[in-house]
Amino acid sequence: MHRKPLLTLLQNHTTSESDEQTMLNQTIEFVNQYPNCFERSLAIGHITASVLITDNKCQNVLMTHHAKLNLWLQPGGHCDGDNDVLAVALKEAQEETGLKNFSSESDDIFDIDVHNIPARKNIAAHLHYDIRFWLIADIEKPLIISSESKELKWIAIDEVQNYNNDRSISRMLDK
């Protein structure tokens, strides 16, 4: 079953955050219910993968000003049929930042979030079941802004709430 690797990651993920636990349960239910959960064409929602990128001292976070959503977010994107969520997260991190070398403390899920994506043009509102990983990058390496972003910026952790104060972001920073 192509969903089994993700289900294993989800079942191994533990959290002390009640809101994240609820979203973890929702995500497991969603993945079990929809064999095509990795496909963007699943109109009610789909699995996405993203990364919290910090410097090696965990003092700064790399955020992107998302062009379509007009929000400061962590890099990430659609799985588009790929069931290897970590590989998708790494690919998105590279494409959206221009960085190539990351280190990680773990290949385990760092955070899970389920959030609404508003309707745009010919795409109905839907849910993203976002599987998040934590990566570490060299703050001195040059960044390359992709067409998906208006801007990329290393932001001091205690300043991130000035760019995005959503609980989805602050929960990751609290960890």
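What you see is a predicted model; the values in this text were computed from it and never measured.

Colleague: Please set out unusual backbone geometry residue by residue, giving values where relevant.
Modeller: Negative phi characterises most residues that are not glycine, and trans characterises most peptide bonds. In this model, Asn70 sits at a positive phi of 55°, which is unusual for a non-glycine residue. Mapped onto the elements of the fold, Asn70 is located in the loop between β2 (60-66) and β3 (71-73). Classification of Asn70 as partly exposed rests on a relative accessible area of 44%. Its identity is not glycine, yet Asp80 carries a phi of approximately 50°, on the positive side. Note that Asp80 resides in the loop between β4 (76-78) and α3 (85-97). Judged by relative accessible area, which is 45%, Asp80 ranks as partly exposed.

Colleague: Would you mind going over the packing of helix α1 (residues 4-12) against helix α2 (residues 18-33) in detail, with residue names and values included?
Modeller: For the pair α1 and α2, the least separation of the axes is 10 Å and the interaxial angle reads 160°. In terms of orientation, α1 and α2 fall into the roughly antiparallel class. Handedness of the crossing formed by α1 with α2: left-handed. Residues Leu6, Leu7, Leu10 and Gln11 of α1 form the contact with α2, whose own contacting residues are Leu24, Thr27, Ile28, Val31 and Asn32. A breakdown of the residues in the contact of α1 with α2 according to their chemical character gives six nonpolar, three polar and no charged.

Colleague: Just give me the short version of the layout of surface pockets, but keep the residues and values in it.
Modeller: One number sums up the size of the largest pocket: a volume of about 930 Å³. Along the walls of the largest pocket sit 40 residues, with His66, Leu69, His78, Ile117 and His128 positioned nearest its centre. Broken down by secondary-structure element, the contributors of at least two residues to the lining of the largest pocket are β1 (45-54), β2, β3, β4, α3, β5 (111-117), β6 (126-136) and α4 (167-174). Partitioned by chemical class, the residues of the lining of the largest pocket number 13 nonpolar, 16 polar and eleven charged.

Colleague: Could you give an account of α2, with specific residues and numbers?
Modeller: The terminal C-alpha atoms of α2, which comprises 16 residues, lie 23 Å apart, in line with the 22 Å expected from a rise of 1.5 Å per residue. All of the buried residues in α2 are Glu20, Met23, Leu24, Thr27, Ile28, Phe30 and Val31. The buried side chains of α2 occupy one side of the element, clustering within an arc of 165° when seen end-on. Exposed and facing more than 90 degrees away from the buried side of α2 are Ser18 and Glu29. In the core, the buried residues of α2 are packed alongside α1, β1, β5, β6 and α4.

Colleague: Give me the packing of aromatic side chains: which residues, what numbers.
Modeller: Applying the stated criterion across every chain, the model contains four aromatic pairs. Centroid distance Phe30 to Tyr129: 3.9 Å. Interplanar angle 10°. Geometry classified as stacked. A residue pair is termed long-range when its members are at least 10 positions apart, and Phe30 in helix α2 and Tyr129 in strand β6 qualify at 99 residues. The exposure class assigned to Tyr129 is buried, which follows from its relative accessible area of 9%.

Criteria and thresholds
Residues numbered from 1 in each chain as written. Predicted model: local features only at pLDDT ≥ 70, side-chain atom pairs only at ≥ 80, totals over all residues. Heavy atoms only, no water. Helix = DSSP H or I, 4+ residues; strand = E, 2+ residues; numbered from the N terminus. Buried < 20%, exposed > 50% of the residue type's maximum accessible area, 1.4 Å probe, protein only. Axes fitted to C-alpha atoms, helices over the stretch in contact; angles between N-to-C directions. Parallel < 35°, antiparallel > 145°, perpendicular 65-115°, else oblique. Left-handed = near helix turned anticlockwise from the far one by under 90°. Contact = heavy atoms within 4.5 Å. Nonpolar A, V, L, I, M, F, W, Y, C, P; charged D, E, K, R; others polar. 1 Å grid on protein atoms, 1.4 Å probe; cavity = no way out; pocket = protein on both sides within 12 Å on 5 of 7 lines; lining within 4 Å. Points joined across faces, edges and corners; volume = space filled by probe spheres on them. Expected span 1.5 Å × (residues − 1). Arc of directions from axis to C-beta. Phe/Tyr/Trp six-rings, centres within 6.5 Å; stacked < 30°, edge-to-face > 60°.

These results come straight from atomic positions and should not be treated as a statement about function.
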